[in-house]
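So the chains spell out like this:
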Amino acid sequence: MAKVKLTKTALKKERDSLKQFQRFLPTLQLKKQQLQLEMRECLNRIEFNERRERESKARLSSWLALFGAEQDAFRAADLVKVDRIKTDVMNIAGVEVPHFQRVVFADIEYDLFSEDPWMDDAVAALRKIVELRMEREVIRKQYDLIQTELRVTTQRVNLFEKVKIPECKDNIRRIGIYLGDMDTSAVVRSKIAKNKLQETVA
């Protein structure tokens, strides 16, 4: 702890600092709550996304088995190539995070007459699974960025709550006691001087 000056100017400075910390603390606490809520929401979206992918895979597997096309599924996979992932940026409690829009797939042409009739449906189903995976990666990135911001915000909340505010209150108390003692001492000295003056006059 830095040595504090025991003056009225220092007392005013400490009181101003205390007011500032007490004004900012609720905002930081609210931000911390929002970030925690958003992290839980990200986890819920990841869980929902994983469930949809499992359901899509199960439908695709049963459908391929029905048509006896499991051995040809790799051909369909070769026709599904990601060109790019389209995202934009959104602001969550002061943190800029990527927001998934869609996956743009490479346009791979194939002969509809030479391929099995189920190939179009298989490609569409595989694209849906890939899209779910890409969306999940973006949500995980959101989660990581929010988690980093939450860590910083929590450190600030702790700094204000456990260090700065108690430190200011303690400094105000110490300066107040010192200034009070100085005032009392000045009054006592004044009375002594007055008494001596009266004794001298008498």
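The structure we're discussing is the one just above.
Small disclaimer: the values here were computed from a predicted structure and weren't measured.

Engineer: When you look at the overall build of the chain in this model, what are you seeing that I'm missing?
Structural biologist: Along its length, the chain carries three helices and two strands. From first element to last, N terminus to C terminus, the chain shows the α and β order α-α-β-β-α. Counting every position in the chain, which comprises 202 residues, the buried fraction comes to 28%. Restricting the contact set of the chain to residue pairs at least 6 apart, pairs at least 24 apart contribute 81%. Here the chain displays about 14,000 Å² of accessible surface, and carbon together with sulfur accounts for 54% of that area.

Engineer: Please clarify how the side chain of Thr-153 should be interpreted in this entry.
Structural biologist: Position of Thr-153 relative to the elements: it lies in helix α3 (residues 119-201). According to the relative accessible area criterion, Thr-153 is buried, its value standing at 1%. A distance of 2.9 Å separates a polar atom in the side chain of Thr-153 from the backbone oxygen of Glu-149. In this structure Thr-153 touches Leu-28, Lys-31, Lys-32 and Leu-35, once residues within four positions along its chain are discounted.

Engineer: What is the right way to read the pattern of salt bridges from this model?
Structural biologist: Where side chains of opposite charge bring their charged atoms close, a pairing between them can arise. What the rule picks out here adds up to nine salt bridges. As a salt-bridge pair, Arg-133 and Glu-53 come within 2.7 Å of each other at their nearest N and O atoms. Separated by 80 residues along the polypeptide, Arg-133 in helix α3 and Glu-53 in helix α1 (residues 8-66) bring together distant segments of the chain. In this structure Arg-133 comes out as partly exposed when scored by relative accessible area, which is 37%. Between Arg-140 and Glu-137 there is a salt bridge whose closest N-O contact spans 3.1 Å. Highlighted residues: Arg-140 and Glu-137, both in helix α3, separated by three residues, approximately one helical turn. Look at Arg-140 and you get partly exposed, because its relative accessible area is 32%.

Engineer: Looking at this model, I keep getting lost on the packing of aromatic side chains. Mind explaining?
Structural biologist: Where two aromatic rings form a pair, the distance of their centres and the angle of their planes describe that pair. Counting across every chain of the model gives one aromatic pair. It is Arg-23 that lies over the ring of Phe-24; its NZ or CZ is 5.3 Å from the centre.

Engineer: Help me understand the environment of Val-80 in this model?
Structural biologist: Structurally, Val-80 can be placed in the loop between α2 (73-78) and β1 (82-92). According to the relative accessible area criterion, Val-80 is buried, its value standing at 12%. Placed 26 residues apart in sequence, Val-80 and Ala-106 show a C-alpha to C-alpha distance of 7.4 Å. Contacts of Val-80, omitting those with residues within four sequence positions, involve Phe-105, Val-123, Leu-126, Arg-127 and Val-130.

How each quantity is defined
Residues numbered from 1 in each chain as written. Predicted model: local features only at pLDDT ≥ 70, side-chain atom pairs only at ≥ 80, totals over all residues. Heavy atoms only, no water. Helix = DSSP H or I, 4+ residues; strand = E, 2+ residues; numbered from the N terminus. Buried < 20%, exposed > 50% of the residue type's maximum accessible area, 1.4 Å probe, protein only. Contact = heavy atoms within 4.5 Å. Areas by Shrake-Rupley, 256 points an atom, 1.4 Å probe, with all protein chains shown as cover. Polar contact = N/O pair within 3.5 Å; in protein donor to acceptor, adjacent residues only side chain to side chain. Salt bridge = Lys/Arg side-chain N within 4 Å of Asp/Glu carboxyl O. Phe/Tyr/Trp six-rings, centres within 6.5 Å; stacked < 30°, edge-to-face > 60°. Lys NZ or Arg CZ within 6 Å of the ring centre and 35° of its normal.

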